[in-house]
Amino acid sequence: MIFDKEIARSTAEQLLQIKAIKLQPEEPFTWASGWKSPIYCDNRITLSYPKVRNFLRQQLVEAIRSHYGTPNAIAGVATGAIAIGVLVAQEMGLPFIYIRPEAKKHGRQNKIEGHLEPGQNVVIVEDLISTGGSSLKAFDALKEAKANVLGMVALFTYGFPVSKENFENSKCELITLSDYEHLLEQVNSTGYLKEDTLKTLKSWREDPASWQAPSK
């Protein structure tokens, strides 16, 4: 679910401007999964731009307040969402915790870092959603810790069908500031890319696993 359509396009525009999102269908990126992709999104870059960082923080806060009220804690997904999660928690005056991909191998062997009481209402903050796998592991970890997870808010999602299915199956509500659809709308409105390039970008989202870059 998109928080607000105008915010979605504004978010996409700002991510493009600071090159947190890069589009290069002629020279595609290779993801860790092995997928070839015409887009690469690194939202950690937003932390270096105070104006963008503050905008994203405030919109995430507004999304949380409008959908969930005031939870007991904010949880960030390590590592990409730790910083933005802290900013959101600070703005809301709430405790912050974060969830590791897996438990530490030493010391207290924590998977959840910070203080969390069973039954507390928690909202998860994420920076990027692709298939949703790693994000939903954080959701599961909080449920195992007996937290009441109200939902998840994220900066950007590719909107893959498998992601939507995964969130529905987990019964975890996802609210994002922007997504691939609104990114393409913003790109199209500004004349940033040619029409045939836009068609290429749209075709990638339909079948990312087998997508091939257009021949030069």
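See the structure printed just above.
What comes next is a walk through the structure. (Residues numbered from 1 in each chain as written. Predicted model: local features only at pLDDT ≥ 70, side-chain atom pairs only at ≥ 80, totals over all residues. Heavy atoms only, no water.)

Between A78 and the following residue, T79, the backbone shows a cis peptide bond with an omega angle of -5 degrees. Here T79 is to be found in the loop between β5 (73–77) and α3 (82–92). Residue K19 is not a glycine yet carries a positive backbone phi of 65 degrees. Relative to the helices and strands, K19 is located in the loop between α1 (5–17) and β1 (21–23). Residue classification places K19 among the exposed residues on the basis of a relative accessible area of 51%. (Helix = DSSP H or I, 4+ residues; strand = E, 2+ residues; numbered from the N terminus. Buried < 20%, exposed > 50% of the residue type's maximum accessible area, 1.4 Å probe, protein only.)

Those residues of helix α6 (residues 180–190) that fall on the buried side of the exposure criterion are Y180, H182, L183, L184, Q186 and V187. Buried residues along α6 sit against α1, β1, β4 (39–41), β9 (148–157), β10 (174–179) and α7 (195–206). (Contact = heavy atoms within 4.5 Å.)

This part covers the packing of aromatic side chains. The geometry of an aromatic ring pair comes down to the distance between the two centres and the angle between the two planes. For the structure shown, the criterion picks out eleven aromatic pairs. With a centroid separation of 5.4 Å and 40 degrees between ring planes, the pair formed by F29 and Y40 is classed as tilted. Within this pair, whereas F29 is found in strand β2 (residues 29–30), its partner Y40 is found in strand β4, the two being separated by eleven residues in sequence. We classify Y40 as partly exposed; its relative accessible area is 39%. Their ring planes at 40 degrees and their centres at 5.0 Å tell us that W31 and Y158 sit as a pair that is tilted. A residue pair is termed long-range when its members are at least 10 positions apart, and W31 in the loop between β2 and β3 (36–37) and Y158 in the loop between β9 and α5 (161–170) qualify at 127 residues. Here the two residues W31 and Y158 agree in accessibility, since each one is buried. (Phe/Tyr/Trp six-rings, centres within 6.5 Å; stacked < 30°, edge-to-face > 60°.)

Once that is clear, we can look at the environment of T30. Looking at where T30 falls in the secondary structure, it is placed in strand β2. In this structure, the C-alpha to C-alpha distance between T30 and Y40, residues ten residues apart in sequence, is 9.0 Å. Those residues in contact with T30, other than ones at most four positions away along the chain, are W35 and K36. Of the polar contacts made by the side chain of T30, one reaches the side chain of K36; its length is 2.8 Å. (Polar contact = N/O pair within 3.5 Å; in protein donor to acceptor, adjacent residues only side chain to side chain.)

Looking now at the pairing of strand β6 (residues 96–99). Every second residue of β6 is oriented toward a common face, the buried set being I97 and I99 and the non-buried set F96 and Y98. Tracing the backbone out of β5, into α3 and back to the parallel element β6 gives a crossover that is right-handed. Relative to strand β7 (residues 112–113), β6 is paired through two bridges, and the arrangement is antiparallel. Bridging from a neighbouring strand, I99 pairs with I112 of β7. (Right-handed = clockwise from strand over helix to strand, strands pointing away. Pairing = 2+ DSSP bridges.)

The next point concerns the pairing of strand β8 (residues 121–129). Here is the key point about a regular strand: its side chains alternate between the two faces of the sheet. Within β8, seven of the nine residues are buried, which leaves the element mostly enclosed by the surrounding structure. Alignment of β5 against β8, held across four bridges, turns out to be parallel. Pairing of A73 across the sheet is with V122, part of β8. Alignment of β8 against β9, held across eight bridges, turns out to be parallel. Note on β9: the bridge partner recorded for I129 is T157. Considered for its hand, the β-α-β crossover made up of β8, helix α4 (residues 133–144) and β9 is right-handed.

Just distances and angles here, no functional claims.
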